[in-house]
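# Structure at a glance
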Amino acid sequence: MQTSRYHPLSAALHWLMFILIAVALAAIQVREDIPKGEPLRDTLKSVHMLAGQLVFLFVLVRLALRFTFKAPAALPGPRWQTGSAHLVHLVLYLMMLGLPLSGVLFYQAGGRDVSFFGMMLPQLIAPNPELKSSIKEIHETVGEAIYFVVGFHVLAALWHHFIVKDGTMLRMLPWKK
């Protein structure tokens with residue numbers, strides 16, 4: 001059965017992921033303004049890492065739900081618009097998987113253990129300072145790019161809501177409007 005709205009659980013996870021990504025980005029940005037050696041700096045790094053790990057966990061849940069609760073059919077519109085929407089969603093999913101994974105790899109390549117709510121994650125990579133530097137650069141570059149991709153996604157949603165008025169954004173609300 002095809003519906004015109006996303007399942008409420010899928011919509012709720014969408015907004016939770018938005019909050020977690022915002023928390024991860026805000027924590028790492030604020031951390032840059034805190035002098036080294038300050039306890040708040042380490043706390044912000046921990047918040048950044050936990051939010052990223054939760055993004056990874058919940059994106060796996062979202063992908064599973066995507067197969068359980070089918071997405072509503074695309075609204076009528078030009079093919080370029082539907083195609084670009086699919087491309088942006090694909091890029092966002094890749095970023096939500098890749099950023100947390102590259103963060104873990106970067107940390108482990110530096111010879112550090114990574115924990116998730118007190119449990120040590122499996123060692124995915126051996127310590128390697130040269131590889132650490134490369135992974136860090138990728139992680140930071142993709143981390144900067146996510147601002148633009150999310151921004152584009154938000155602008156497109158607002159354009160659909162306020163200019164086109166086609167109900168696109170309302171389909172992603174977890175409650176009926």
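As a starting point, this report considers the structure included with it.

### Things to note about helix H4 (residues 129-164)
Taking 1.5 Å per residue, 36 residues should reach 52 Å; H4 reaches 51 Å between its end C-alpha atoms and fits that length. Looking only at H4, the buried set comprises Ile135, His139, Gly143, Ile146, Val149, Val150 and His160. Residues of H4 that are buried make contact with helix H1 (8-31), helix H2 (39-68) and helix H3 (79-109). Two or three places before glutamate 130, at the start of H4, stands the capping residue asparagine 128, its side-chain oxygen 3.2 Å from that residue's backbone nitrogen.

### A word on a nonpolar patch on the surface
On the surface, Trp15, Phe18, Ile19, Val23, Val47, Val154, Leu155, Leu158, Trp159, Phe162, Ile163 and Val164 cluster together to form a nonpolar patch covering roughly 1,100 Å² of accessible area. Contributing elements (two or more residues each) for the nonpolar patch: H1 and H4. Per-element tally for the nonpolar patch: the top contributor is H4, with 7 residues. Tracing the backbone through its elements, the reader meets tryptophan 15 in helix H1.

### Considering the nonpolar core
Formed by 17 residues in total, the largest nonpolar core has its most connected members in Ile21, Val55, Leu92, Met96 and Ile146. Taken together, the elements giving at least two residues each to this core come down to H1, H2, H3 and H4. Broken down by element, this core gets its largest block of residues, 6 residues, from H3. Once you skip the residues sitting within four places of it in the chain, leucine 92 turns out to touch Val149, Val150 and His153.

### Examining the environment of glycine 110
Considering the arrangement of structural elements, one finds glycine 110 in the loop between H3 and strand S1 (115-116). Separated by 26 residues in the primary sequence, glycine 110 and lysine 136 place their C-alpha atoms 9.9 Å from one another.

### A word on the environment of leucine 16
Note that leucine 16 resides in helix H1. The class of leucine 16 is partly exposed, set by a relative accessible area of 31%. Along the sequence, leucine 16 and leucine 54 sit 38 residues apart, while their C-alpha atoms lie 9.9 Å from each other.

### A look at the layout of surface pockets
Considered as a void within the structure, the largest pocket measures approximately 1,200 Å³ in volume. When residues of the lining of the largest pocket are traced back to their parent elements, those giving at least two are H1, H2, H3 and H4. Empty space within the second largest pocket amounts to approximately 850 Å³. When contributions to the lining of the second largest pocket are tallied by element, the ones reaching two or more residues are H1, H2, H3 and H4. Residue composition of the lining of the second largest pocket, by class: 16 nonpolar, 7 polar and 10 charged.

### A short note on the packing of aromatic side chains
Across all of its chains, the model carries 2 aromatic pairs by this definition. When the centroid spacing of 6.2 Å and the interplanar angle of 75° are considered together, the rings of tryptophan 15 and phenylalanine 18 count as edge-to-face. Taken together, the residues span about one helical turn, with tryptophan 15 and phenylalanine 18 both in helix H1 at a distance of 3 residues. Where phenylalanine 116 meets phenylalanine 117, the ring centres are 4.9 Å apart and the plane angle is 75°; that geometry is what we call edge-to-face.

### Let's talk about the pattern of salt bridges
Applying the stated criterion across every chain yields a total of 1 salt bridge. Across the pair lysine 136 and glutamate 140 runs a salt bridge, and its minimum N-O distance is 4.0 Å. Here glutamate 140 and lysine 136 lie together in helix H4, a separation of 4 residues that amounts to about one turn. Taking the relative accessible area as the measure of exposure, lysine 136 reaches 36% and is therefore partly exposed. With relative accessibility at 43%, the residue glutamate 140 sits in the partly exposed group.

Analysis parameters
Residues numbered from 1 in each chain as written. Predicted model: local features only at pLDDT ≥ 70, side-chain atom pairs only at ≥ 80, totals over all residues. Heavy atoms only, no water. Helix = DSSP H or I, 4+ residues; strand = E, 2+ residues; numbered from the N terminus. Expected span 1.5 Å × (residues − 1). Buried < 20%, exposed > 50% of the residue type's maximum accessible area, 1.4 Å probe, protein only. Contact = heavy atoms within 4.5 Å. Polar contact = N/O pair within 3.5 Å; in protein donor to acceptor, adjacent residues only side chain to side chain. Patch = residues over 30% accessible without salt bridge, like charges linked within 9 Å, V, L, I, M, F, W, Y side chains within 5 Å. Areas by Shrake-Rupley, 256 points an atom, 1.4 Å probe, with all protein chains shown as cover. Salt bridge = Lys/Arg side-chain N within 4 Å of Asp/Glu carboxyl O. Core = buried A, V, L, I, M, F, W, Y, C linked by side-chain atoms within 4.5 Å. 1 Å grid on protein atoms, 1.4 Å probe; cavity = no way out; pocket = protein on both sides within 12 Å on 5 of 7 lines; lining within 4 Å. Points joined across faces, edges and corners; volume = space filled by probe spheres on them. Nonpolar A, V, L, I, M, F, W, Y, C, P; charged D, E, K, R; others polar. Phe/Tyr/Trp six-rings, centres within 6.5 Å; stacked < 30°, edge-to-face > 60°.

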